[in-house]
Amino acid sequence: MRTKLALLILLAVFGVVWVFGESAPERADLTLHFPALETLDGQRATASFDVRVSYALFEGLLAFNPYTFEVIPGVAESYTVSPDNLTYTFTLRKNARWSNGDPVTTADFLEAWYQAHLPGVAMKYQEFFYHIKGSKKFIEWCNRTTKAINELESHEEKWQAANERYDQSREKFAEIVAVEADGPYKMSVTLERPLPYFVHLVASWPYFPLHARAIRKELNVSPDNYMILRNWTWTRPDTMITNGPYKLAKWRFKRDVLLTKNAYFWKADLVGPQTIRFVHITQNNTAYYAYEQGQLDICYETVVEFRPELVEKAREGKRKDVHEISSFGTYFYGFNCRPKLADGSPNPVADPRIRKALAMSVDRKELVENVTRMYQRPTTCFIPHQSIHGYENVEGLKYDPQAARQVLAEAGYPDGKGLPVIEIFYNTGQGHELQAQAIAAMWEKHLGISVSLKGQEWKVFQETRNSGKFVVCRHGWFGDYVDPTTFLDMFKQDSGMNDFGLKDPKYDALMEKAAATYDPAQRMAILQEAERYVLNEVVAILPLYEYKVVHLFDPEKLKIGTPESQTGMSFHPRNLQMFYLWRVKR
Amino acid sequence: MLRLIFWRLVQLPFLLLVIYTITFLLVWVVPGDPLAVEGRRPPEEVVLAMKRQYNLDNPVRFYFSYLGEASGVNYLIGQSDRPFNFGSSMMYKDQTVNDILAGSMPISVQLGLTAILIATVIGVVLGVAGAVYRGGVLDWATLSVALIGISLPSFVVATVLLVLFALSWKVVAIGQWGGLGNLILPAVSLSLPFAAYIARLTRLGMLDVLNSDFIRTARAKGLSQRKVVLKHAMKVAFLPVLSYLGPATAMAMAGSFVVEQVFNVPGMGVHFVSAVQNKDIMLIIGVVVVFATMLILFNMLVDIAYAFVDPRIEVDG
């Protein structure tokens, strides 16, 4: 009796568990996977997948043609530039609407841009705004007042001061920052100095609007630290209002994101997939199997260990679904350019001639064909080929072991004799070891020097690289916007990304000259000179190859877009997708 | 029995307090700044203010304010608008720890319970068979299966099952969650080590019981082998299994990180690992405390079940 009762209870428990367990979701028009998603808050997006999703949810004043990366009208139907190239005036279209039907107006942009400046909202790409007149000044005001409030004595005083500051902050923003609205459909932005690629920034995600009335409610003074903070949990289907081609239907953390078409989007008739489901899959192999089984329409940016075999099969014509695309990023080795290393010992590569010799004795073709086996595009320059309209790529230091030996001899180390051991630092995993070994072997063979390898775990490696505790380090860089400065700013003395310790007045002067030049052709020529200088004379880095991404999909089912067709998946190196232009057949 | 339940419930908050304190100390001494961002650093006053927002500048204040929020005390004294608030994730700012747990825990519970059910059925059947046909082929087979179940790492079992059932025979979908079909493979992979252990426990218990006097008496009275084994011996032999089921169920529910990864199950396991990697203090404490509560409750359930199955056993608090 007791046993039967126990069994019955047990069965009842399982019955409840199974009945309340959910059933598999319905297949969306487009299903793809993602390995990680940090936020759906478009303004705060930093990872490339987060950014791609935010382009599905929002649209800025301007937008990108994903096939050519030209700037096209977005919420603004047109814009004019003042004769001094400082003031941009945007005219908003009247048919741009939010997903709840409200019109998109200048107030939405003003509110979003105002919030983007607040230190407590702390978006990483805040610097996209620094070109606007008064932008930095307003942030300074915020920081100054934060400090002043912290210096007050009691909680009551601080609380009162913080609330007063909150009440003033919008007025202050309007007063200091040169962004002005002239009614709901016209606004102007004045820059600190002319910036030819400003329209590219306006089309980028940090400049997206937010529904002013809704997002205002999410902004509060925190009683804990007296800062102005946004309530981060606003990114839920019931509170998230979007103006892009899609709206958020469901977000299950570390599980999936479901987007459905925003019927109010002004180009709604161009929207291909009516629903998109992004499935969270962390395991590369599981994603691959899911694709093979047909669960995913595309295995986007696959990083399975057997990627080289897939590429091999594609080259032999055995697989039609493997697509290799060069991307907007370069894999390179960075040199420490400081006279001394962090621990005070002399830097063995302080002499540019030694760096030059090292750079000239690496056979990149060998590297991509036999080591990575991915056939990436070998490169001697930093900016990826044909990725920026109007920019001719420069010629860097070519593979020439004979000349390399000569340069090394000139530097006082004939046949590498007397040169201290060169250490290569890299982060372990993802095949970086193999490449470091291959490069070390090339240097030893061609130059007769000795090389040692230092593999470090990612977090440790980052610290090593940022603090200049290396001699040679593995590095990679992807551009954030389509202008050479997204790469070349890295070598400026005051750049936060200058891991090489480069302090070169000539380079800084060239970059400054480019910044002061408005004529596009002239400006590009100066930037070319700067790139040539930093690669061939300073030799701050050793470019190896352009990053390559591999997508798996059946071209019969998922259309590949071209500048002519204007629909389908984009193969542009910038690798930013406008999912609404995709066309899926099943 | 009521006294037992009462005492266990009284103990619960104290146990949890100890667990909270230890977890808190551990996460606090681990190096790394949970608010650190790659790239440019904000000005000092902003960094300080953000630390204050989460009480990261003061461990004592963090300890007590978090305790007040998470335990529901702040709610009871009217300082907070909801009880059991575990705060927001520091890495994934859009998420609160409560939301993360609410999304992943039911899945882990479902998977864990199913795995334990499978493990019990397989384990008991194998164990009984092994004991009854002791020394025979079946016994050897049982022992081998148990050995394999314990020694094979779950990522091997999981991958093999995935390749066979999903890729070769295409009977289940990969990377999907929902529906019974997608539950079975991960549940089986998760259940194997438990099944193996249960099989060994059952076999040993059964061997012991089968040699005892009351079984001989039962046999002498002419009871059939089936009745002897299933009705009389089983009742006693099952007790060690029962006591193992409490912690085993909680373990299975905490999810196996590996099994979850291979089958892409959106359960709790992933948060255990990634929260530590990201030094996501709130999330670490949240998962640990919730898991500990589950562990304690399941142990209590087992004790109750003990008393229920065998009324002779006295269980006191």
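Residues numbered from 1 in each chain as written. Chains lettered and ligands numbered in written order. Predicted model: local features only at pLDDT ≥ 70, side-chain atom pairs only at ≥ 80, totals over all residues. Heavy atoms only, no water.

Focus: the overall build of chain A
Secondary structure assignment for chain A yields 17 helices and 17 strands. Over its C-alpha atoms chain A spans a radius of gyration of 27 Å, differing by no more than 12% from the 25 Å that the globule rule assigns to 586 residues. Projected onto its principal axes, the C-alpha positions of chain A cover 80 × 75 × 60 Å. Per-residue burial over chain A gives 57% buried out of 586 residues. Partitioning the intrachain contacts of chain A with sequence separation of at least 6 by distance along the chain shows that 70% fall at a separation of at least 24. When the 70 basic and 71 acidic side-chain charges of chain A are each reduced to a single mean position, those positions are 4 Å apart. (Helix = DSSP H or I, 4+ residues; strand = E, 2+ residues; numbered from the N terminus. Rg over C-alpha atoms; globule rule 2.2 N^0.38 Å. Buried < 20%, exposed > 50% of the residue type's maximum accessible area, 1.4 Å probe, protein only. Contact = heavy atoms within 4.5 Å. Lys, Arg positive; Asp, Glu negative; His and termini not counted. Charge placed at Lys NZ, Arg CZ, Asp CG, Glu CD.)

Here's the deal with the overall build of chain B
Within chain B one finds 13 helices and zero strands. Traced from its N-terminal end to its C-terminal end, chain B shows the element sequence α-α-α-α-α-α-α-α-α-α-α-α-α. Seen through its C-alpha atoms, chain B measures out along the principal axes to roughly 85 × 55 × 30 Å. By element, 69% of the accessible surface of chain B is carried by carbon and sulfur atoms, the whole surface being about 15400 Å². One way to put it: in chain B the 22 positive side-chain charges average out to a point 13 Å from where the 18 negative ones average out. (Areas by Shrake-Rupley, 256 points an atom, 1.4 Å probe, with all protein chains shown as cover.)

Quick word on the confidence of the model for chain B
Residue and element names in this part refer to chain B. Per-residue pLDDT for chain B has a mean of 84; in total, 95% of the residues score no lower than 70. Mean pLDDT values for the elements of chain B range from 81 in helix H2 (residues 44-53) up to 90 in helix H5 (residues 97-132). Interface confidence in the predicted complex, given as ipTM, is 0.84; pTM for the same model is 0.87. (pLDDT = per-residue confidence, 0-100.)

A short note on the pairing of strand S14 (residues 422-427) of chain A
All names here are of chain A. Within S14, five of the six residues are buried, leaving the element largely enclosed by the surrounding structure. Bridge count for S14 against strand S15 (residues 451-456) is six bridges, and the pairing is parallel. Note on S15: the bridge partner recorded for glutamate 423 is serine 452. Between S14 and its parallel partner S15, the chain crosses via helix H13 (residues 432-447), and the hand of that crossover is right-handed. (Pairing = 2+ DSSP bridges. Right-handed = clockwise from strand over helix to strand, strands pointing away.)

With respect to the interface of chain B and chain A
Each partner contributes residues to the interface: chain B has 48 residues there, and chain A has 55 residues. Counting each side, the surface lost to burial between chain B and chain A is near 4500 Å², with a carbon and sulfur contribution of 57%. At the boundary of chain B and chain A, one finds two salt bridges. Salt-bridge contacts for A:Arg44 lead to B:Asp94; the nearest nitrogen and oxygen are separated by 2.5 Å. The interface formed by chain B and chain A contains 15 residue pairs in polar contact (both at pLDDT 80 or more). (Buried area = accessible area lost by both parts, 1.4 Å probe. Salt bridge = Lys/Arg side-chain N within 4 Å of Asp/Glu carboxyl O. Polar contact = N/O pair within 3.5 Å; in protein donor to acceptor, adjacent residues only side chain to side chain.)

Focus on the pairing of strand S7 (residues 186-190) of chain A
A regular strand carries its side chains on alternate faces of the sheet. All names here are of chain A. By the criterion of burial, S7 is predominantly enclosed, with four of the five residues buried. Where strand S5 (residues 87-92) meets S7, five bridges bridge the pair, whose relative direction is antiparallel. Bridging across to S7, phenylalanine 90 finds its partner in methionine 187. The pairing of strand S6 (residues 179-181) with S7 spans three bridges and is antiparallel. Directly across from glutamate 180, in S7, lies its bridge partner serine 188. Between the antiparallel neighbours S6 and S7 lie four residues, among them glycine 183 with a positive phi of about 80°.

Looking at a nonpolar patch on the surface
Residue and element names in this part refer to chain B. Taken together, the side chains of Val18, Ile22, Leu26, Val29 and Val30 present a nonpolar region at the surface, about 460 Å² in accessible area. Relative to the helices and strands, valine 29 is located in helix H1 (residues 2-29). Classification of valine 29 as exposed rests on a relative accessible area of 64%. (Patch = residues over 30% accessible without salt bridge, like charges linked within 9 Å, V, L, I, M, F, W, Y side chains within 5 Å.)

So, the environment of A:Leu310
Residue and element names in this part refer to chain A. Residue placement: leucine 310 occurs in helix H9 (residues 307-315). Measuring from C-alpha to C-alpha, the distance between leucine 310 and valine 322 comes to 6.9 Å, with 12 residues separating the pair along the chain. Excluding residues within four positions of it along the chain, leucine 310 makes contact with Tyr288, Val304, Arg319, Val322 and Leu552.

Overview of the nonpolar core
Generally speaking, soluble globular proteins have nonpolar side chains that are buried together. Counting 163 residues, the largest nonpolar core has A:Leu61, A:Phe90, A:Trp113, A:Phe198, A:Phe278, A:Phe382 and A:Phe491 as its most contacted members. Sorting elements by how many residues they give to this core places helix H13 (residues 281-309) of chain B first, with 13 residues. The contact partners of A:Leu61, leaving out residues within four places of it in the chain, are A:Pro73, A:Gly74, A:Val75, A:Ala76, A:Phe90, A:Leu92, A:Phe109, A:Trp113, A:Met187 and A:Val202. Core analysis: the second largest hydrophobic core is formed by 40 residues, A:Tyr331, A:Leu419, A:Ala438 and A:Ile439 among them. (Core = buried A, V, L, I, M, F, W, Y, C linked by side-chain atoms within 4.5 Å.)

Some thoughts on empty space enclosed by the protein
Summed over the entire model, instances satisfying the criterion amount to eight cavities of 30 Å³ or more. Put simply, the largest cavity is a space of about 170 Å³. Going through the elements one at a time, strand S12 (275-280) of chain A together with helix H11 (257-263) of chain B are the ones with two or more residues in the lining of the largest cavity. Looking at the lining of the largest cavity residue by residue, the class counts come to six nonpolar, six polar and six charged. Approximately 80 Å³ is the volume found for the second largest cavity. Looking at the lining of the second largest cavity, the element that brings in the most residues is helix H8 (residues 181-210) of chain B, giving four residues. (1 Å grid on protein atoms, 1.4 Å probe; cavity = no way out; pocket = protein on both sides within 12 Å on 5 of 7 lines; lining within 4 Å. Points joined across faces, edges and corners; volume = space filled by probe spheres on them. Nonpolar A, V, L, I, M, F, W, Y, C, P; charged D, E, K, R; others polar.)

Some words on the pattern of salt bridges
In this structure the tally under the stated criterion is 31 salt bridges over all chains. Its salt-bridge partner being A:Asp41, residue A:Arg44 comes within 3.5 Å of it at the nearest N-O pair. Judged on exposure class, the residue A:Arg44 and its partner A:Asp41 are both buried. Taking the shortest distance from any N to any O, the salt bridge between A:Asp41 and A:Arg230 comes out at 2.7 Å. Of this pair, A:Asp41 sits in the loop between strand S1 (30-34) and helix H2 (48-57) while A:Arg230 is found in strand S9 (residues 228-230), placing the two residues 189 residues apart along the sequence. In this pair, the class of A:Asp41 matches that of A:Arg230, namely buried. Taken together, the salt bridges that share partners define one network made up of A:Asp41, A:Arg44, A:Arg230 and B:Asp94.

Here we look at the sheet that holds S7(A)
Residue and element names in this part refer to chain A. Pairing within the open sheet is antiparallel, and its four strands lie in the order S4-S5-S7-S6. Bordering the open sheet on either side are strand S4 (76-81) and S6, each of which pairs with just one other strand. For this sheet the average axis-to-axis angle between neighbouring strands, irrespective of direction, equals 20°. Its contacts with the sheet put helix H3 (residues 106-117) on S5, S6 and S7, and the angle it makes with S7 is roughly 35°. (Axes fitted to C-alpha atoms, helices over the stretch in contact; angles between N-to-C directions.)

Quick word on the packing of H5(B) against helix H6 (residues 137-151) of chain B
Residue and element names in this part refer to chain B. Their axes nearest at 8 Å, the elements H5 and H6 cross at an angle of 140°. One element, H5, and the other, H6, form an angle in the oblique class. Both H5 and H6 take part in a crossing whose hand is left-handed. On H6, the residues touching Leu126, Gly127, Ala129 and Gly130 of H5 are Leu138, Asp139, Thr142 and Val145. Counted by class, the contact of H5 with H6 contains four nonpolar, three polar and one charged residues. (Parallel < 35°, antiparallel > 145°, perpendicular 65-115°, else oblique. Left-handed = near helix turned anticlockwise from the far one by under 90°.)

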